[in-house]
Every structure is written in structure tokens, then in C-alpha cells.
Amino acid sequence: MSDLNSSEKPQVFELQPGKNIDLQINHPVSLRLKLTLVGYELGKYILLKYPRVTNKSEYQDVLVEGNVIIVRYLLEGSKGECFAFRSTIKSISTYPEKFLFLEYPKKIENRQLRMQQRVSIHIPAAIMIEEDDNNKEMKINGAISDISLKGCGFSFKSKSLSTNVNKRKIFVCLKDAKGDDLAISAQVCNSRNDQGIVSVGIQFLESDDRLAQLLDQLFISTGNG
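Rules used throughout
- Residues numbered from 1 in each chain as written.
- Predicted model: local features only at pLDDT ≥ 70, side-chain atom pairs only at ≥ 80, totals over all residues.
- Heavy atoms only, no water.
- Phe/Tyr/Trp six-rings, centres within 6.5 Å; stacked < 30°, edge-to-face > 60°.
- Lys NZ or Arg CZ within 6 Å of the ring centre and 35° of its normal.
- Buried < 20%, exposed > 50% of the residue type's maximum accessible area, 1.4 Å probe, protein only.
- Helix = DSSP H or I, 4+ residues; strand = E, 2+ residues; numbered from the N terminus.
- Pairing = 2+ DSSP bridges.
- Axes fitted to C-alpha atoms, helices over the stretch in contact; angles between N-to-C directions.
- Contact = heavy atoms within 4.5 Å.

### Some points on the packing of aromatic side chains
- Going through the model one piece at a time under the given rule, you end up with seven aromatic pairs.
- Between Lys98 and the ring centre of Tyr50, over which it is positioned, the NZ or CZ distance is 4.4 Å.

Spelled out as C-alpha cells, the structure:
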């Protein structure tokens, strides 16, 4: 969050219930989630809906009590203002449905968005599954919705509501800062299908200077991966 300027006085968390919040988790894998705000109690907790899952084990290694997360959200205005803070998962409830409780932030940082900046990232890309004894070589075209030096979120459309990507090694294919082809060795960490939109959480298995240059070009901080 080095690209955010701290205000002299901490802001009050004032996002309305029903709005989406962006969660970034860096351990044990890089993961980005968009969750719906249910509500909050000042100074105590923030309550979010648990993400939809296709099996009970999905996200169980990252959405655990005590894990550190970075939260970002946008408040509409004349130019728009982006807020961010660091928090931890306080607890996870299972009744009457699954909710995520976050520690209420001690400090909230913010910045004014430039007119040409985009809140969400959309980078045309593809994932390549190599051929082996069980799978033929396959290339899936889609787009990267978020990216860091450690991993990215990738999504694509499917005609089937049951399509998902198995946890396996792949290559993420995109263009570098100069427009040349860039293929990064990676691992699929999770996958979910929401009404035909398949979202894939990916961890990079190698570092590449060209990727760092691309992130700099996109004004994405690489200080914390």
C-alpha cells in the first residue's frame, strides 16, 4: 500500500452494505476476492459474505482466522476515492449462513483517483495447459482481472455452468511492456464458476523482470508482491 497517502486523521469506514469490497491475500498463496459487505460495527468488526464455493475445501487454506489481508474499496465522488487498510480475519461464522468477520481497521488510507485510472484491471491473456498422459494441450483465452509479482486472477466465459480448472501447473500467456509475448510458469490454486464466468486464482512459480516492468507501466506497486 505504498502508493496510498495516509490522512492526518483516520477515516471512518462508511461503505454502504451491499457494496463490493476487494480483498487481497498474500499468504500462503496470492489471492484476490470480491466480497459483498453485510455490515459493520464501528471499532469492532466488518462483516462480509463468504465467497461462493464449489466444494467445502475451497479457500480453507487462505480464509482462516488470523490471516492478514489488505482491503480496498471505492467511494463514488466527483473523481472517485480509493480507500485501503490492513486487517486480519477475526472469525468465520457458519449459521445462519457463512460470514467473514474482519478486525475493524485502526488506520484507513486513501488516495484520489486520476481520471484516466481504472479501478479494475482488464488485461487480455490466456492460460496454457501442457499436454500429458491425462490431458491434451489446451489454451484458454480470457482476461487478467488483478495481478502482482506473485500471482493473478484470471477469468473466462464458458457455455457450461460446471466448467472449472483443476489445480495443476500451467503457463500464463500475455504481452509484456514492449508488446512481446510473455509466458510465466504458474500453478492453479482455485477455480469457481459463477453463472458461466470462470474465475481462476493463480500463483506464479517464477519471477520475470518483464512482468515487473509491465506492473510498473500499469502503476501497480510491486513492493509487497
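### Thoughts on the pairing of strand β2 (residues 20-25)
- The element β2 is extensively covered by neighbouring structure, given that five of its six residues are classed as buried.
- By the bridge criterion, six bridges tie β2 to strand β3 (residues 31-41) in an arrangement that is antiparallel. Paired with Ile25 across the two strands is Leu31, which belongs to β3.
- In this structure, the hairpin formed by β2 and β3 is closed by a connection of five residues.
- Strand direction decides the pairing type here: β2 and strand β5 (residues 68-75), joined by three bridges, are antiparallel.

### So, the sheet that holds strand β9 (residues 123-129)
- Strand order in the closed barrel made by the six strands is β9-β10-β11-β14-β13-β12, with antiparallel pairing throughout. Sheet twist, expressed as the average angle between the axes of neighbouring strands with direction ignored, equals 45°.
- In terms of strand pairing, β9 meets strand β10 (residues 138-147) through seven bridges, oriented antiparallel. When the bridges of β10 are listed, Ile127 appears paired with Ile140.
- Relative to the sheet, helix α1 (residues 209-217) contacts β10, β12 (169-175), β13 (181-194) and β14 (197-204), its axis offset from that of β13 by approximately 65°.

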